[in-house]
Amino acid sequence: MKGEDNMKNKNRHLVKNVIGTLTIPVLVAVLLQGICMFNGKTMISNMTGFDNFVVYIAIVMITTIALSINLNSGRFDFSLGSMAALSSVLGAKITYSILGGGSNSALMMLILTILFGMLLGLVSGLMYVVLHLPPIITSLGVTLHLFKSLSFPEGRYVMKEVQNPSMTAFTGSWIYAAIIIVVVLAVCIAIFDYTKFGYDYNALKNGQKVAVNTGIKEISNAIGCYVI
């Protein structure tokens, strides 16, 4: 009987979360579609528009997740944009200038970009831990003086290098963006809800002093957040 009550409570909590998550996007979509219809337009007029729509959902969702990981712990990270730009530049340069690209160059660039993003996140996290400055200050310094200065000289020419059949096919279909959305959500849920790292993260987020006093390592967890 008690198990059934717990299951019912979990189901109610799940339904409540789903409704809370979808309410604002659905209302906004209805409002925008109404405005479009009033002016004789449609919000998504063709398949290209739908492809772009899903791609931008992926971009906004992943950026929001990355920002919220640190923000929930009181660390505002300004370096996300410059980190994304520099990791993309490095991934593109190695994939197309050094390795020569190829039929699977888009996948190769994606993997390299993720690895470079993790490395740059590690650098940003170590700067925060070592300097003992507020994260808003260290992230601004990393953004303006390190990541942007490294990405600008080569970043100007990257668009010429990535205009190839592999990349065009990858970015021209909503399916790949949808796969990325599902994978990112699954990985984040697995890490933050079902691992020791996630349990420690939630404990630090909800009560830092108490969590540290119980033996949770705050520094390693903070660096891990930057890497993710």
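In this text, all values refer to a predicted model and were calculated from it rather than measured experimentally.

### Describing the overall build of the protein
In step 1: Across its full length, the protein carries 11 helices and 0 strands.
In step 2: Based on the C-alpha atoms only, the size of the protein along its principal axes is roughly 60 × 50 × 35 Å.
In step 3: Expressed as a percentage of the 228 residues in the protein, the buried residues total 29%.
In step 4: In the protein, the proportion of contacts linking residues at least 24 apart, taken out of those at least 6 apart, comes to 67%.
In step 5: Only carbon and sulfur atoms are counted for the fraction: they give 71% of the accessible area of the protein, which is about 14,700 Å².
In step 6: Seen as two clouds, the 15 positive and the 9 negative side-chain charges of the protein have centres 4 Å apart.

### Regarding the environment of glycine 101
In step 1: Turning to its location among the elements, glycine 101 is positioned in the loop between helix 3 (80–98) and helix 4 (105–131).
In step 2: Judged by relative accessible area, glycine 101 falls into the buried class, the value being 18%.
In step 3: If we skip the residues at most four places from it in the chain, glycine 101 touches Thr95 and Tyr96.

Definitions and limits used
- Residues numbered from 1 in each chain as written.
- Predicted model: local features only at pLDDT ≥ 70, side-chain atom pairs only at ≥ 80, totals over all residues.
- Heavy atoms only, no water.
- Helix = DSSP H or I, 4+ residues; strand = E, 2+ residues; numbered from the N terminus.
- Buried < 20%, exposed > 50% of the residue type's maximum accessible area, 1.4 Å probe, protein only.
- Contact = heavy atoms within 4.5 Å.
- Areas by Shrake-Rupley, 256 points an atom, 1.4 Å probe, with all protein chains shown as cover.
- Lys, Arg positive; Asp, Glu negative; His and termini not counted.
- Charge placed at Lys NZ, Arg CZ, Asp CG, Glu CD.

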